[in-house]
Amino acid sequence: MTPDPVPLAVPRVLLAEESLPFRRVIREALTAFRVCEVDDAPSAERAFEMALRREYSLFLFSLPLPDMMGDMLDRLLSTAYPLVHPGSHAAPPVIFLIRPTDTPRFEELKRDVRVRGSMPLPPKLDVLLSVTAKLLPERTNSVFPPHVP
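Bear in mind that the values here come from a model prediction, so they are computed numbers and not experimental data.

Participant: Explain the nonpolar core here, please?
Facilitator: Within soluble globular proteins, side chains that are nonpolar tend to cluster in buried spots. With 22 residues, the main nonpolar core has Leu 14, Phe 59, Phe 61, Leu 73 and Phe 96 as its most contacted residues. Where this core is concerned, the elements lending two or more residues are strand S1 (12-16), helix H2 (44-53), strand S3 (58-62), helix H3 (70-84), strand S4 (94-98) and helix H4 (103-109). At four residues, the largest contribution of residues to this core is made by H2. Apart from residues lying up to four places away in sequence, Phe 59 is in contact with Leu 14, Ala 51, Asp 74, Leu 77, Tyr 81, Ala 91, Pro 92, Pro 93, Val 94, Ile 95 and Arg 114. In this structure, Leu 15, Cys 36, Val 38 and Met 119 belong to the second largest nonpolar core, which totals 16 residues.

Here it is as structure tokens:
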């Protein structure tokens, strides 16, 4: 008799963005089209606290946050995350949410191996689904047709 397979954990995403409407749109789109759970925070401080309490598969950070730049939050978490989560050798990959004025700064950041892309704000569904395609499994029982990047 073979043991029952251990269910795989659903990937968890940490979203840090000041705008509640943007957070809501991103959270609802991800949970509708991707197999994941999304925790969201309006500030870097709150996101940092959440990342130290739970394990995540992906970070989505706005570059400008009210209390700190998103890239600074990511740098802090890249050091602290593996220390508080046994078995994690590195922090999860990160996607930055950028405004047009953030493009030059993002160009410097994308050299980091953990940076997997960017998404413009306001959120665009096709871009969100494209940048998360290789990071989060596609939801197969969605009422929407599958997204083809």
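Having put the structure on the table, let's press on.
Participant: Is there a simple way to explain the packing of helix H1 (residues 20-33) against helix H5 (residues 125-132) in this structure?
Facilitator: Any two packed helices are characterised by the angle at which their axes cross and by the distance between the axes. In the contact formed by H1 and H5, the axes pass within 11 Å of each other and the chain directions differ by 55°. One element, H1, and the other, H5, form an angle in the oblique class. Helix-helix and strand crossings are classified by hand; for H1 and H5 the assignment is right-handed. On H5, the residues that touch Ile 26, Ala 29, Leu 30 and Phe 33 of H1 are Leu 125, Leu 128, Leu 129 and Thr 132.

Analysis parameters
Residues numbered from 1 in each chain as written. Predicted model: local features only at pLDDT ≥ 70, side-chain atom pairs only at ≥ 80, totals over all residues. Heavy atoms only, no water. Core = buried A, V, L, I, M, F, W, Y, C linked by side-chain atoms within 4.5 Å. Buried < 20%, exposed > 50% of the residue type's maximum accessible area, 1.4 Å probe, protein only. Helix = DSSP H or I, 4+ residues; strand = E, 2+ residues; numbered from the N terminus. Contact = heavy atoms within 4.5 Å. Axes fitted to C-alpha atoms, helices over the stretch in contact; angles between N-to-C directions. Parallel < 35°, antiparallel > 145°, perpendicular 65-115°, else oblique. Left-handed = near helix turned anticlockwise from the far one by under 90°.

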